[in-house]
Amino acid sequence: MNTVVLTISKQPELYLETENITPDVFAGKSAEEIAALNVYEGNLTHTLGEYFTVAGGAGDTAADTRIEVKGDLTRVKWIGAKMTTGEVVIEGDSDMYTGAFMEGGKLLAKGNVGHFAGLGMKGGDLHVTGNAGNYLGAAYRGDWRGMMSGVLRVDGNAGSDIGTFMRGGEIIVGGDVDVHVGTHQEGGKIVVKGNGKSKIGGQMVKGDIYIFGSIDVMMPGFAYRENVDLEVDGVKATFEHYIGDLGERHGKSKGETIYGHLYKKL
Amino acid sequence: MAEYIVKNGFVVDPVTGVNCEKMDVAVKNGKIVDASEAKKAKVIDASGCVVMAGGVDLHSHSAGPKVNVGRNIRPEDKLTGKVAAKGVKRMEAGFSVPTTSKSGYVLSRMGYGFAMEAAMPPLYARHTHEEMRDIPIVDMGALPVFGNNWFVMEYLKNNEIENTASYIAWLLRVTKGYGIKNVNPGGTEAWGWGMNCLTPDDPVPYFDVTPKQIIKGLIEANEYLRLPHCMHLHSNSLGEPGNYETTIASLKCAEGIKANNDFGREQVLHHTHLQFHSYGGESYASKSFESKSKEVMDYVNSAPNISFDMGQVTLDETTTMTADGPFEYHLSHMNHLKWANTDVELETAAGVVPFIYSPKTFIAVAQWAIGLELALYAKNMEKVNLTTDAPNAGPIHRYPRVIKWLMSEKARNDLLDSAKYGDKVRDRCYIGEIDRELTLMEIAQMTRSGSASCLGLSHMFGSLKPGMEGDVVVYPYNPETDTDDPEKIEYAFGNAKYFLKGGDLIIDDGEIISNGNKRTFWVNSKTEMTEQVERDVSERFKRYYTVSQNNYEVKESHYVPNPYVIEVESA
């Protein structure tokens, strides 16, 4: 596997949109060719080389390409967006849309990521060692097709509106989350190891949410069923099982009504 | 203004009967001239390409409040279709409801020089004109909607054609409108009471008038005013299985009425997106739903004073939007996606719903088949117009794909073979029996000469004869050597190599190099307001409208900075 190392050398005045930092785009390119790729600051088009030093070279294929992005990336958006294979490692904090619409490959963010990380994710493995902002693994604004597949793991805390319109895949948050978890969820699994606040599973029709810590305010559309013993993300424990959201339309499968499931660790 | 001569192309022009002949077309002072008159012309090399007059789209939606609601409720529509600004060209965005800039650029790339915004709520005419003003290059007009208008319904209840006509003339003048649009006559108003009008004989609640009276009355008022365009109808029961009988009954309202105008227009009724109105059966299930395109076309082919456009389903994800509020409500309950409905006081209403015509379903492919059948069964191609009712049945940039399906039986069969329910569609529709392939000449009739004459603009658009507007398009398609692959048709009609609009070079070798000097067409009918109408308008504004009459009129200086006014005197 060949590695390309990007180190930020100049901070943009506005924010930098770098949809081109993916193994798919870098594959088969030399350091010079990578430096000549377009990035956008406001409505102006610049080259990657104006803001980053580029070392190393990409592999022949995207699967054979690893990208390391280093430095203060708090003004850099869209790193690893739409990647389908290969590896990206971010050493530092990055801004919005990190790994958005990702379809495959591995993205490791060693630090915090901004809002909309893993937005509309379709596959792959996104791991954030720090905190994530709002709309983690959510659907794009207005869309009814949220995260479809893949694993999105955040070791720290996450903001509000995570997993909106989620249809598949897994979101695991090590710490606490803010309001609105799995709104309109239609599948997939959300695990929160820390505390939740309010509006968890609002309008969800299918899928699972596990909360290890406390829930400040329970949605009124959820009904308690029973206590169950489960193993969730390597932790064995007893959970209170709720179904919901009862205010929504629910489909049927083999005569059984399908509900969303909310599990609260005892 | 520069002179141009387009050399050596295969010229296709139904009006002069030139069919793929190699000849030169010259443009001088914004108009087509005889090639011998262009002495200092810049040469455009069109060898190996098709040359046509600028296209004319008589029914699409690109400006106005419902288009904007579509943009507002669908931010995700902007995820695809972004093109960065380049040179003079502004940024483009959006897929099914593009930005104003993109609308103009997409139409230009397809070689269209004129587009009609097919539904303008009079109360929101200012907004519609502001958006039209911002759409570059393409000349436009807008049709105010009248079919659910309180004034119109009350006059027509008493068969007062003169008052109806007088009101229409006033409204066209104050809204800078072009002609009469009539959507779900009576039904949209009925929807305000939770009802609908499903046939032409269902009375409108609280108004005691029937859709048939509205259709007939508006046709008569249109001919009374001698307007350039005929009455533009979207009949009742759009999209409902079994609706073809309602459609034929609505078309029959035009029987015995003769066109009366100075624009060479023969038809008195244009039925829009006929595809949505040619269904048999009782439900959308494949064992019930069937095509009735042949039955509808048997009637249309026998009626010389009717024209229609296809409303071709393109099997895309799109955004439906229509002044037919009840239809949008039903649609939202079919796909459970987001939905917006609006009522426009006294005048009309509208609804917006995102929709996916999935090729994996029976019904979407059947709708696709029915649209094509209508065009392929037509005898007179001047009376058939190519549209997708954009964006209702498909985004506007799919016109080239529709042309491909019309010109190639192979392309149609490939689609049916790859569709999951292709055989079922062959079974329930007529598409499998049709081997007709339209010629370039027939496509030019459907997109140019026919549409221009239906709009009463055949003296300006739709042909390359001397004296016409200098709208010339060069498509990279060689009719002698490129006939092997239908994809070449689709590419060519979506990527004009050169495009002259009003004598200006807009597209040079595939690149947009100018934003043109677009005009807004409107019709100034000289008919005076009758005393009755004058009193009614003033009284209604005081009593019911939320705006005053002063805040209603569209002032030319700001809203229509570059007008083209067609002056009309009634008989």
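Residues numbered from 1 in each chain as written. Chains lettered and ligands numbered in written order. Predicted model: local features only at pLDDT ≥ 70, side-chain atom pairs only at ≥ 80, totals over all residues. Heavy atoms only, no water.

By the naming in an unreviewed UniProt entry, chain B goes by Formylmethanofuran dehydrogenase subunit A and is assigned to Methanochimaera problematica.

The name given to chain A in an unreviewed UniProt entry is formylmethanofuran dehydrogenase, and the organism recorded there is Methanochimaera problematica. Here chain A is described in UniProt, under the heading Pathway (unreviewed entry), as follows: "One-carbon metabolism; methanogenesis from CO(2); 5,10-methenyl-5,6,7,8-tetrahydromethanopterin from CO(2): step 1/3." (UniProt positions renumbered as here; feature names shortened; annotations may be inferred.)

A.B. asks: Would you mind going over the packing of helix α4 (residues 150-157) of chain B against helix α17 (residues 531-543) of chain B with me for this structure?
C.D. replies: Packed helices, taken two at a time, are described by the angle between their axes plus the distance between the axes. All names here are of chain B. Packing of α4 against α17 leaves a shortest axis separation of 12 Å and a crossing angle of 140 degrees. Taken together, the axis directions place α4 and α17 in an arrangement best described as oblique. For α4 against α17, the interelement crossing comes out right-handed. From α4, W150, F151, E154 and Y155 reach across to α17, where they touch Q532, V533, D536, V537 and R540. (Axes fitted to C-alpha atoms, helices over the stretch in contact; angles between N-to-C directions. Helix = DSSP H or I, 4+ residues; strand = E, 2+ residues; numbered from the N terminus. Parallel < 35°, antiparallel > 145°, perpendicular 65-115°, else oblique. Left-handed = near helix turned anticlockwise from the far one by under 90°. Contact = heavy atoms within 4.5 Å.)

A.B. asks: Can you walk me through the pattern of salt bridges in this structure?
C.D. replies: Two side chains with opposite charge may pair up if their charged atoms get near one another. Residue and element names in this part refer to chain B. Scanning the entire structure with this criterion turns up 47 salt bridges over all chains. The salt bridge partner of R265 is E223, with a shortest N-O separation of 3.0 Å. Of this pair, R265 sits in the loop between α8 (244-251) and β11 (269-271) while E223 is found in helix α7 (residues 211-225), placing the two residues 42 residues apart along the sequence. One exposure class covers both R265 and E223, and it is buried. (Salt bridge = Lys/Arg side-chain N within 4 Å of Asp/Glu carboxyl O. Buried < 20%, exposed > 50% of the residue type's maximum accessible area, 1.4 Å probe, protein only.)

A.B. asks: Can you help me understand the UniProt feature "domain: Amidohydrolase" (unreviewed entry) in chain B in this one?
C.D. replies: According to UniProt, the "domain: Amidohydrolase" (unreviewed entry) feature falls on residues 42-481 of chain B. For residues 42-481 of chain B, the helix share is 36%, the strand share is 17%, and the end-to-end C-alpha distance is 27 Å.

A.B. asks: So what exactly am I meant to see when it comes to the packing of α4 of chain B against helix α5 (residues 161-175) of chain B here?
C.D. replies: Residue and element names in this part refer to chain B. At a minimum axis distance of 8 Å, the contact between α4 and α5 shows a crossing angle of 165 degrees. Considered as vectors, α4 and α5 are oriented roughly antiparallel to each other. Handedness of the crossing formed by α4 with α5: left-handed. Contact residues: α4 offers F151, V152, Y155 and L156, while α5 offers I161, N163, T164 and Y167. Grouping the amino acids of the contact of α4 with α5 by side-chain chemistry returns 6 nonpolar, 2 polar and no charged. (Nonpolar A, V, L, I, M, F, W, Y, C, P; charged D, E, K, R; others polar.)

A.B. asks: Would you explain the environment of D45 of chain B in this entry?
C.D. replies: Residue and element names in this part refer to chain B. As for its placement among the helices and strands, D45 is situated in strand β4 (residues 42-45). Residue classification places D45 among the partly exposed residues on the basis of a relative accessible area of 44%. Along the sequence, D45 and V474 sit 429 residues apart, while their C-alpha atoms lie 9.3 Å from each other. Filtering out sequence-adjacent residues up to four positions away, D45 remains in contact with K7 and Y498. Reaching out from D45, the side chain makes a polar contact with the side chain of S47 at a distance of 2.8 Å. (Polar contact = N/O pair within 3.5 Å; in protein donor to acceptor, adjacent residues only side chain to side chain.)

A.B. asks: Please clarify how the interface of chain B and chain A should be interpreted in this entry.
C.D. replies: As a measure of interface size, the accessible area lost when the parts come together is often cited. On the chain A side, the residues contacting the 10 residues of chain B number 8 residues. The three residues of chain B that bury the most area against chain A are E76, L79 and H336 of chain B, which together make up 48% of that side's buried surface. Linking chain B to chain A there are 1 salt bridge. There are 3 residue pairs in polar contact (both at pLDDT 80 or more) connecting chain B and chain A. Tallied by class, the residues present in the side of chain B that touches chain A amount to 5 nonpolar, 1 polar and 4 charged. (Buried area = accessible area lost by both parts, 1.4 Å probe.)

A.B. asks: Explanation requested: the sheet that holds strand β18 (residues 384-385) of chain B in the structure shown.
C.D. replies: Within a sheet, each strand pairs with its neighbour through backbone hydrogen bonds, oriented either parallel or antiparallel. Residue and element names in this part refer to chain B. Strand order in this open sheet of 5 strands is β9-β10-β11-β14-β18, and the pairing throughout is parallel. Strands at the two margins of the open sheet, each flanked by one partner only, are β9 (181-183) and β18. Across 2 bridges, strand β14 (residues 306-309) lies against β18 in parallel orientation. In the sheet register, F308 faces β18, and the bridge partner there is V384. Here α7 sits on the sheet in contact with β9, β10 (231-234) and β11, set at roughly 160 degrees to β10. On the sheet, α8 packs against β10, β11 and β14 and is oriented at approximately 165 degrees with respect to β11. (Pairing = 2+ DSSP bridges.)

A.B. asks: I keep staring at the sheet that holds strand β2 (residues 16-17) of chain A and nothing clicks. Help me out?
C.D. replies: Residues and elements named next belong to chain A. Spatially, the 4 strands line up as an open sheet ordered β4-β3-β2-β7, and their pairing is mixed. Each edge of the open sheet carries a strand with a single partner, namely β4 (44-47) and β7 (76-77). Alignment of β2 against strand β3 (residues 38-41), held across 2 bridges, turns out to be antiparallel. The residue of β3 that forms the bridge with L16 is E41.

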